[in-house]
Protein chains: 2
Amino acid sequence: MLSVIETAAKLLIKREGDTDFEGAPDDDVNDPSQQELYSSWALLILILLLIGALWTSYYLQVRKIQAIHETVVSIFSGMLIGLIIRTLPGHYIQDAVSFNYTYFFNMLLPPIILNCGYELHQANFFHNIGTILTFAFAGTFVSAVVLGCIVYIWAFLGLEGLKIPFVTALGFGATLSATDPVTILSIFNAYKVDPKLYTIIFGESILNDAVSIVMFETTQQFHGDSATFTDLFNGIGIFLVTFTISLLIGAIVGVMTALILKHSSIRQFQSLETCIILLFAYASYFFSNGCHMSGIVSLLFCGITLKHYAYFNMSRRTQIATKLIFQTLAQLSENFIFIYLGLSMFTEVKLVYKPTLIIVTALGICISRWAAVFPLSKLLNFIHKVRARALNRPVPEELPKEYQMMLFWAGLRGAVGVALAAGLEGEDSNALRATVLVVVVLTVIVFGGTTSRMLEILGIQTGVETEVDSDDELDVEIGRKGPLINANYGFPEGSSGQGGRRATLPRLSDGKARRSPDTSPKPSSNSLSPESTVFPHRSSIGDTSVEIEHPPSFSRTTSMEPSVSSNSGGSSSLISGALPSLLSRTAEDHVRWFQNFDEHVLKPVLLDAPAETSSQPPSRPGTP
Amino acid sequence: MLSVIETAAKLLIKREGDTDFEGAPDDDVNDPSQQELYSSWALLILILLLIGALWTSYYLQVRKIQAIHETVVSIFSGMLIGLIIRTLPGHYIQDAVSFNYTYFFNMLLPPIILNCGYELHQANFFHNIGTILTFAFAGTFVSAVVLGCIVYIWAFLGLEGLKIPFVTALGFGATLSATDPVTILSIFNAYKVDPKLYTIIFGESILNDAVSIVMFETTQQFHGDSATFTDLFNGIGIFLVTFTISLLIGAIVGVMTALILKHSSIRQFQSLETCIILLFAYASYFFSNGCHMSGIVSLLFCGITLKHYAYFNMSRRTQIATKLIFQTLAQLSENFIFIYLGLSMFTEVKLVYKPTLIIVTALGICISRWAAVFPLSKLLNFIHKVRARALNRPVPEELPKEYQMMLFWAGLRGAVGVALAAGLEGEDSNALRATVLVVVVLTVIVFGGTTSRMLEILGIQTGVETEVDSDDELDVEIGRKGPLINANYGFPEGSSGQGGRRATLPRLSDGKARRSPDTSPKPSSNSLSPESTVFPHRSSIGDTSVEIEHPPSFSRTTSMEPSVSSNSGGSSSLISGALPSLLSRTAEDHVRWFQNFDEHVLKPVLLDAPAETSSQPPSRPGTP
């Protein structure tokens with residue numbers, strides 16, 4: 001898709017030229033068919049690349065080869081094609097496939113973020129919000145500053161005749177502080193890594209994209225003038241405001257959608273409904289960007305709000321449609337981004353590769369990541385211990401050593417950095433862009449390629465059922481209602497007749513085998529009873545949708561007892577991180593407060609059926 | 001989406017300028033954020049327009065206002081915004097939203113065509129293939145030539161000082177011979193018009209896009225030299241070859257997909273599966289275009305083949321995902337195209353509006369449509385009568401008067417014409433483009449606005465259940481397996497708990513009420529028995545998938561007895577139209593031959609479970 005855009009862009013330039021100067025009509029004759037032709041081939045190449053990458057990832061999964069990851073494959077296949085294109089005569093295709101951040105930000109990123117928000121396991125996310133925010137804000141800031149200083153000093157030594165003002169160096173640091181959510185998370189999904197670690201890394205890698213974007217744009221505002229400490233605090237101020245407003249924009253759009261669904265009968269026109277929900281989500285992203293806010297944050301929280309409220313006002317068809325559409329678009333975008341990064345390595349003509357700078361930066365990001373992860377982890381553990389003592393409760397360590405190491409290892413940089421780097425200024429900007437691109441690709445290959453091994457080395461708990469990968473969940477939904485039900489309730493021909501069904505069934509039963517048995521309707525209601533003793537208002541659950549949505553999450557919650565018990569610490573670390581004065585109040589207070597507010601104010605207002613309001617475990621941030 | 005592309009294109013032009021001339025780095029400083037900002041706003045406007053259009057169409061449907069159609073609303077809202085943008089200072093947004101056919105052909109058209117092919121009711125389509133092809137090929141050709149002559153003569157009179165060579169006039173005629181599938185079909189869907197008429201108009205309007213594209217490109221090959229009769233026959237030859245090859249490309253890709261699904265276990269990785277099927281379909285389109293073939297034809301038949309074979313090898317999740325994704329993308333594209341046409345009326349700066357030419361053309365398309373529809377209808381009726389006499393069977397008229405009138409009325413021109421017109425050459429090309437744009441918008445507003453009234457005036461049978469709008473079908477699938485099953489088999493809380501379900505349920509039961517009762521599993525098998533006397537090999541159906549997919553189509557088949565009985569005529573008209581020598585052989589021969597071939601060769605090879613092979617009524621072109 002991107003390819004055709006670029007292609008078309010080029011062609012448009014050509015056409016502009018013609019029309020501006022009342023160009024020879026003969027050009028117009030050939031243009032249309034030529035443009036058709038060029039863009040068709042460019043698109044075809046892209047599509048074949050995507051098919052290749054997806055097929056390889058299928059092959060890897062079938063062969064249970066988890067060391068090599070599909071993103072790595074995508075990057076390499078991209079590099080290969082890039083090399084071929086580079087050697088080809090003529091710059092046409094080459095121009096057509098060079099990285100352009102406008103398309104990246106407007107077409108490739110949104111589906112990924114939206115899907116993240118939509119598939120997010122809300123309970124875990126809000127359990128660990130404190131830790132996540134600490135790493136996302138403080139961590140990214142530290143990492144950017146450290147890397148900035150390293151590069152600045154390196155340039156200052158003048159071994160390569162680089163002239164990089166400090167602000168530019170900071171911006172450079174910011175671009176390389178955005179970690180990549182895609183690779184690491186899909187590996188974690190494959191391994192079903194301990195949900196707490198998963199959630200922390202997930203949250204950090206999503207949010208620090210936003211952080212680094214805002215930081216980068218802040219640095220861009222002093223064109224080369226030296227930054228003072230006031231500027232620093234301004235920057236932080238700007239950032240906090242931006243973040244809050246973006247969050248609000250997203251949440252408001254999500255709530256609006258829920259209200260519209262509730263108070264209109266649009267859900268009877270289901271295809272309209274699906275389109276409108278899709279459009280609302282995108283609107284939040286572009287509105288936020290248009291207002292110089294962070295579209296990523298808006299879209300993420302729009303997705304969360306949609307899933308938390310609007311989802312339960314949707315028609316069944318739209319619930320399934322939105323899930324499937326978001327997932328598919330996200331997967332295509334993800335694969336495409338990495339192919340694209342690989343391509344750019346060779347097709348970006350104006351890049352200047354400075355080997356030593358690249359090496360220094362590569363070392364620099366390791367140092368900066370180290371400097372960001374470990375001190376903050378120690379801080380969090382300390383606060384956690386203090387709080388634990390204050391509560392006189394024995395709690396496990398918030399972030400054990402192996403988690404810290406994994407957090408460090410999860411610091412591969414993503415395409416957001418490359419996209420940001422396009423905005424770098426100054427005479428050495430091309431060298432910096434090249435460096436960012438190479439370093440990002442390196443980190444993805446090195447860290448991404450070794451993550452699975454690292455998980456084994458650190459002996460981190462894997463094989464834990466997490467709901468974040470929701471294909472299973474959707475299979476359960478469709479499966480329970482479709483092939484599975486037919487198969488269970490005696491339509492064997494139905495399930496044997498349809499090839500696809502036969503394929504789904506074993507997988508479903510696997511899913512159920514892996515999961516705690518409560519996935520099947522009846523046992524799940526049993527599995528609810530212990531919960532409902534904790535939450536009396538949940539005893540009202542007698543609703544199949546509950547049984548569709550929840551068993552996995554309950555089995556999750558039980559499967560993550562440790563993290564549950566440490567959530568108080570998670571939330572507290574937010575509190576202590578953000579407003580230490582409130583250290584006295586316990587996390588449970590906040591949790592219970594929001595919970596009650598959500599249960600007794602928000603849901604009754606936003607949701608359709610009262611029965612519905614008691615049917616969403618994701619809504620409960622803290623389960624003490 | 002288009003908006004950002006165009007936007008980005010402009011911005012890219014700017015960036016090109018910078019980079020080509022080693023532009024001042026200061027430009028680079030502002031560019032990124034500026035580009036972000038501009039494209040965000042452009043996109044936001046677009047999205048809001050789409051939301052507006054969709055919401056209006058929702059409102060219209062709720063208020064049961066069927067005179068005004070959503071496409072008309074889209075065009076008007078587009079015109080409104082276009083007017084506002086035109087009055088705004090600065091050309092930025094204005095440039096950003098001017099029509100560009102490259103994006104139209106590469107991004108907007110494919111989803112619509114693919115969805116048409118995928119949702120196509122294959123039985124009806126192949127029942128009436130003869131009539132459809134006659135109108136699509138001969139009809140479009142006649143209409144293009146007639147309109148071409150009219151415009152050529154008008155220009156020849158020189159009242160407006162137009163100099164239009166005959167070939168250009170023919171090309172112009174071709175652009176305005178592509179009828180629009182979107183508006184008329186959605187109106188027909190709303191009214192559940194007699195499936196035979198629906199199918200004929202559907203098939204014609206899809207295929208004549210392809211015809212007029214090929215015709216147009218053929219005319220483009222003589223740059224202004226006068227065309228001879230040889231050229232004419234060359235043109236026809238080129239067209240037939242193109243059409244056949246394109247059809248084969250599409251079919252081959254579809255079959256390939258079916259085989260890959262059958263022989264790989266990719267359906268266990270369902271999200272990969274969905275992406276790959278999507279990508280294969282697009283690949284057929286772009287490959288076909290890249291080879292100077294007709295992508296539309298390829299994609300249409302790729303969609304048909306996918307649905308006919310691959311669909312039954314897919315996992316349940318992918319079956320649902322592809323349907324939902326194609327539908328949603330198609331709907332967004334459709335609405336967007338019309339908004340876009342409206343916008344272009346005012347934002348296309350270089351258009352030259354010549355009132356009298358517009359009037360002449362507007363009259364011309366009516367005359368040409370008339371000249372195409374009525375003689376051919378008479379021909380078809382005549383052949384039909386001859387065949388009927390040959391068979392000594394009493395059959396009703398193939399195309400009664402009111403059908404002919406409706407066919408004439410259904411000749412509103414579509415966006416394909418506008419997209420093609422961009423390729424018009426010559427000094428007066430801007431005048432011609434303007435004319436095409438205005439005429440297209442006019443026809444959509446006038447004919448589209450009056451179709452529903454026309455249906456009443458002509459007293460055409462409406463309220464017939466057709467399966468082509470497959471939301472019902474999908475609801476039936478999801479519904480049957482989901483809320484509906486739960487509701488029927490005693491999970492009332494489930495259905496009452498979830499707002500969306502409550503919305504789905506009545507609709508489903510409506511659907512069932514509207515349909516012949518055989519939609520519910522058990523009766524459907526009864527409804528099969530009469531059929532199975534006709535097709536002994538179908539007696540093997542005992543498979544729920546049959547009961548999901550077929551009852552509607554069977555009820556359709558029964559509901560369209562007249563057309564069934566007249567299909568022999570339909571097919572025969574193909575035979576007599578294409579190869580009169582074969583008039584001796586009866587259509588049933590052909591039908592039965594393909595049917596057997598499909599049943600006993602293709603499906604066993606392509607499909608997964610033998611049980612599957614006997615479970616697709618769409619596969620049977622002619623049911624005597």
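Residues numbered from 1 in each chain as written. Chains lettered and ligands numbered in written order. Predicted model: local features only at pLDDT ≥ 70, side-chain atom pairs only at ≥ 80, totals over all residues. Heavy atoms only, no water.

1. What to know about the overall build of chain A
Phase 1 of the analysis: If you tally the helices and strands in chain A, you get 28 helices and 0 strands.
Phase 2 of the analysis: Taken over 624 residues, chain A has a buried fraction of 66%.
Phase 3 of the analysis: A sequence separation of at least 24 residues applies to 83% of the contacts in chain A between residues at least 6 apart. (Helix = DSSP H or I, 4+ residues; strand = E, 2+ residues; numbered from the N terminus. Buried < 20%, exposed > 50% of the residue type's maximum accessible area, 1.4 Å probe, protein only. Contact = heavy atoms within 4.5 Å.)

2. Thoughts on the packing of helix α9 (residues 181–191) of chain A against helix α10 (residues 195–220) of chain A
The geometry of a pair of packed helices is captured by two quantities: the angle between their axes and the separation between those axes.
Residues and elements named next belong to chain A.
Phase 1 of the analysis: It is the contact of α9 with α10, at a shortest axis distance of 10 Å, that shows an interaxial angle of 165°. Judged on the interaxial angle alone, α10 and α9 are roughly antiparallel. α10 is crossed by α9, and the crossing has left-handed handedness. Where α9 approaches α10, its residues Pro181, Ile184, Leu185, Phe188 and Asn189 are matched on the opposing element by Leu197, Tyr198, Ile201, Phe202, Ser205, Ile206 and Asp209.
Phase 2 of the analysis: In terms of residue class, the contact of α9 with α10 is built from 9 nonpolar, 2 polar and 1 charged. (Axes fitted to C-alpha atoms, helices over the stretch in contact; angles between N-to-C directions. Parallel < 35°, antiparallel > 145°, perpendicular 65-115°, else oblique. Left-handed = near helix turned anticlockwise from the far one by under 90°. Nonpolar A, V, L, I, M, F, W, Y, C, P; charged D, E, K, R; others polar.)

3. What about unusual backbone geometry?
Leave glycine aside and you will find that most residues have negative phi; peptide bonds, for their part, are mostly trans.
Residues and elements named next belong to chain A.
Phase 1 of the analysis: In this structure, His292 takes a positive phi of about 60° despite not being glycine.
Phase 2 of the analysis: Structurally, His292 is set in the loop between α12 (270–290) and α13 (295–308).
Phase 3 of the analysis: Among the residues examined, His292 registers a relative accessible area of 46% and is labelled partly exposed.

4. Focus: the side chain of A:Thr175
Residue and element names in this part refer to chain A.
Phase 1 of the analysis: Mapping Thr175 onto the fold places it in helix α8 (residues 166–175).
Phase 2 of the analysis: Given a relative accessible area of 0%, Thr175 falls into the buried group.
Phase 3 of the analysis: Leave out the neighbours within four places in its chain, and Thr175 touches Phe216, Gly417, Leu420, Ala421 and Val436.

5. Quick notes on the pattern of salt bridges
Residues and elements named next belong to chain A.
Phase 1 of the analysis: Scanning all chains against the criterion turns up 4 salt bridges over all chains.
Phase 2 of the analysis: Where Glu204 meets Arg369, a salt bridge forms, and the shortest distance between an N and an O atom there is 2.8 Å. Here Glu204, found in helix α10, pairs with Arg369, found in helix α15 (residues 355–391); they are 165 residues apart in sequence, far enough to count as distant. By the burial criterion, Glu204 is buried, and Arg369 matches it. (Salt bridge = Lys/Arg side-chain N within 4 Å of Asp/Glu carboxyl O.)

6. Considering a nonpolar patch on the surface
All names here are of chain A.
Phase 1 of the analysis: Together, Trp593, Phe594, Phe597, Val601 and Val605 line one region of the surface with nonpolar side chains, adding up to about 460 Å² of accessible area.
Phase 2 of the analysis: For Phe594, the position within the fold is in helix α27 (residues 587–606).
Phase 3 of the analysis: Here Phe594 falls in the partly exposed class, since its relative accessible area comes to 31%. (Patch = residues over 30% accessible without salt bridge, like charges linked within 9 Å, V, L, I, M, F, W, Y side chains within 5 Å. Areas by Shrake-Rupley, 256 points an atom, 1.4 Å probe, with all protein chains shown as cover.)

7. Things to note about the confidence of the model for chain A
All names here are of chain A.
Phase 1 of the analysis: Here chain A averages 71 in pLDDT, while 68% of its residues score no lower than 70.
Phase 2 of the analysis: The least confident element of chain A is helix α20 (residues 483–488), whose mean pLDDT is 31; the most confident is α12, at 91.
Phase 3 of the analysis: This stretch, residues 1–30, has a pLDDT under 50; its non-local contacts, to residues over four places away or in other chains, come to 77 contacts.
Phase 4 of the analysis: Ignoring residues within four places in sequence, the model shows residues 610–624, a span with pLDDT below 50, making 56 contacts including any to other chains.
Phase 5 of the analysis: Confidence metrics for the complex model read pTM 0.74 and ipTM 0.72. (pLDDT = per-residue confidence, 0-100.)

8. Side note on the side chain of B:Thr242
Phase 1 of the analysis: In this structure, B:Thr242 sits in helix α11 (residues 229–263).
Phase 2 of the analysis: Those residues in contact with B:Thr242 that lie beyond four places of it in its chain are B:Val214, B:His292, B:Met293 and B:Ser294.

9. Examining the environment of A:Glu402
Residue and element names in this part refer to chain A.
Phase 1 of the analysis: With respect to the element layout, Glu402 can be found in helix α16 (residues 401–409).
Phase 2 of the analysis: Taking relative accessible area as the criterion, Glu402 reaches 28% and is therefore assigned partly exposed.
Phase 3 of the analysis: Distance from Glu402 to Val151, taken between C-alpha atoms, is 29 Å for residues 251 residues apart in sequence.
Phase 4 of the analysis: Leaving out residues up to four positions away in the same chain, Glu402 has contacts with Leu458 and Ile460.

10. Some words on the packing of α15(A) against helix α18 (residues 429–458) of chain A
Residues and elements named next belong to chain A.
Phase 1 of the analysis: For the pair α15 and α18, interaxial distance at closest approach is 9 Å and the crossing angle is 55°. With respect to α18, the axis of α15 lies oblique. Here the hand of the crossing between α15 and α18 comes out right-handed. Along the contact surface, α15 presents Leu357, Ile358, Thr361, Ala362, Ile365 and Cys366, while α18 presents Ala431, Leu432, Thr435, Val438, Val439, Thr443 and Phe447.
Phase 2 of the analysis: Residue composition of the contact of α15 with α18, grouped by class: 10 nonpolar, 3 polar and no charged.

11. Structural notes on the packing of aromatic side chains
Phase 1 of the analysis: Under the definition given, this model contains 44 aromatic pairs over all chains.
Phase 2 of the analysis: Relative to B:Phe126, the ring of B:Phe125 has its centre 5.3 Å away and its plane inclined at 85°; by these criteria the two rings are edge-to-face.
Phase 3 of the analysis: Since its relative accessible area comes to 1%, B:Phe125 is described here as buried.
Phase 4 of the analysis: Owing to a relative accessible area of 25%, B:Phe126 belongs among the partly exposed residues under this scheme.
Phase 5 of the analysis: An angle of 35° between the planes, with centres 4.3 Å apart, marks the rings of B:Trp370 and B:Phe374 as tilted. Placement of the pair is B:Trp370 and B:Phe374 together in helix α15 (residues 355–391), with a separation of 4 residues, close to one helical turn.
Phase 6 of the analysis: Here the aromatic cluster, defined as three or more aromatic residues joined through ring pairs, consists of A:Trp370, A:Phe374, A:Phe408, A:Trp409 and A:Phe447.
Phase 7 of the analysis: A:Lys307 extends its terminal NZ or CZ atom over the ring of A:Tyr311, reaching a point 5.4 Å from the ring centre. (Phe/Tyr/Trp six-rings, centres within 6.5 Å; stacked < 30°, edge-to-face > 60°. Lys NZ or Arg CZ within 6 Å of the ring centre and 35° of its normal.)

12. Regarding α15(B)
Phase 1 of the analysis: For α15(B), which comprises 37 residues, the first-to-last C-alpha distance of 54 Å matches the rise-based estimate of 54 Å (1.5 Å per residue) to within 8%.
Phase 2 of the analysis: Looking one or two residues beyond α15(B), the residue adopting positive phi is B:Asn392, at roughly 50°. (Expected span 1.5 Å × (residues − 1).)

13. Looking at the environment of B:Gly290
Phase 1 of the analysis: Mapped onto the elements, B:Gly290 comes out in helix α12 (residues 270–290).
Phase 2 of the analysis: Using a relative accessible area of 8% as the deciding quantity, one classes B:Gly290 as buried.

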